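Chain by chain, the residues run as shown.
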Amino acid sequence: MNLRKKLALIAIVAVIALSSFAYAWVGKDDGNSIQGTEGAFPSVTRFEVIVNGIRSLDVCVCVNISDGVTYQEAELIAGTTFIHVKGESVWRRLETLTFDDTQIKAHYAWGLDEADLGHIYDMTADLTSLQILVDHCF
């Protein structure tokens, strides 16, 4: 083997070794392996949504409701449900939001633009059955 081929082979081996070392170092988290990532990802809760008593759809929200519900989680559930039902193109304003560990109630005003916020959207989420009832005008 000539000198150029030997140097090229050594360079390739060095690059592979360094990249393997870097990958292993990045994957290491204070002694925990990559597989030990329990709790690193948010819980996802799936709700069955009944719209105007007729249409049914599933809405998944990245919240953990097993430890109670915070205002931010209640608002995220209400807002995510609104977007799934009415879409992102309508204007909306959250008028009221009440919640406890078993239920969330939200009332939105919505419309085609800011001046048209005269339409209603009411949502009640049952956190024990994971069912959300939505009533809105068209």
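See the structure above.
Note that the coordinates shown come from a computational prediction; the quantities given were computed from them, not determined experimentally.

K.L.:
Tell me what's going on with the packing of aromatic side chains, and back it up with residues and numbers.
P.N.:
Evaluation of the coordinates by the stated rule reveals 4 aromatic pairs. Members of the aromatic cluster, connected to one another through ring pairs, are Phe82, Tyr108 and Tyr121.

K.L.:
Lay out the sheet that holds strand S1 (residues 45-51) with the relevant residues and their values.
P.N.:
An order of S2-S1-S6-S5-S4-S3 is seen for the 6 strands of this open sheet, with the pairing classed as mixed. Each edge of the sheet is formed by a strand with only one pairing partner; in this case those strands are strand S2 (55-61) and strand S3 (91-99). Averaged over neighbouring strand pairs, the angle between their axes works out to 20° when direction is ignored. Examined bridge by bridge, strand S4 (residues 103-111) and strand S5 (residues 119-126) share 8 bridges and lie antiparallel to one another. Its bridge partner being in S5, Ala109 is matched across the sheet by Ile120.

K.L.:
Residues and numbers for the pairing of S1, please.
P.N.:
Regular strands place side chains that alternate from one sheet face to the opposite one. For S1, the tally of buried residues reaches 5 of 7 residues, placing the bulk of the element in the interior. Of the pairings in the sheet, the one linking S1 to S2 comprises 7 bridges and is antiparallel in character. Across the sheet, residue Thr45 finds its bridge partner in S2, namely Val61. Connecting the antiparallel pair S1 and S2 is a turn made up of 3 residues, with Asn52 showing a positive phi of about 55°. In this structure, S1 lies alongside strand S6 (residues 131-136), joined through 4 bridges in parallel fashion.

K.L.:
Mind laying out unusual backbone geometry, listing which residues take part and the relevant values?
P.N.:
A positive phi angle, near 55°, is found at Asn52, a position not held by glycine. Positionally, Asn52 belongs in the loop between S1 and S2. Unusually for a residue other than glycine, Leu130 sits at a positive phi of about 60°. Within the secondary structure, Leu130 is located in the loop between S5 and S6. Residue classification places Leu130 among the partly exposed positions, given a relative accessible area of 28%.

What counts and what doesn't
Residues numbered from 1 in each chain as written. Predicted model: local features only at pLDDT ≥ 70, side-chain atom pairs only at ≥ 80, totals over all residues. Heavy atoms only, no water. Phe/Tyr/Trp six-rings, centres within 6.5 Å; stacked < 30°, edge-to-face > 60°. Pairing = 2+ DSSP bridges. Helix = DSSP H or I, 4+ residues; strand = E, 2+ residues; numbered from the N terminus. Axes fitted to C-alpha atoms, helices over the stretch in contact; angles between N-to-C directions. Buried < 20%, exposed > 50% of the residue type's maximum accessible area, 1.4 Å probe, protein only.

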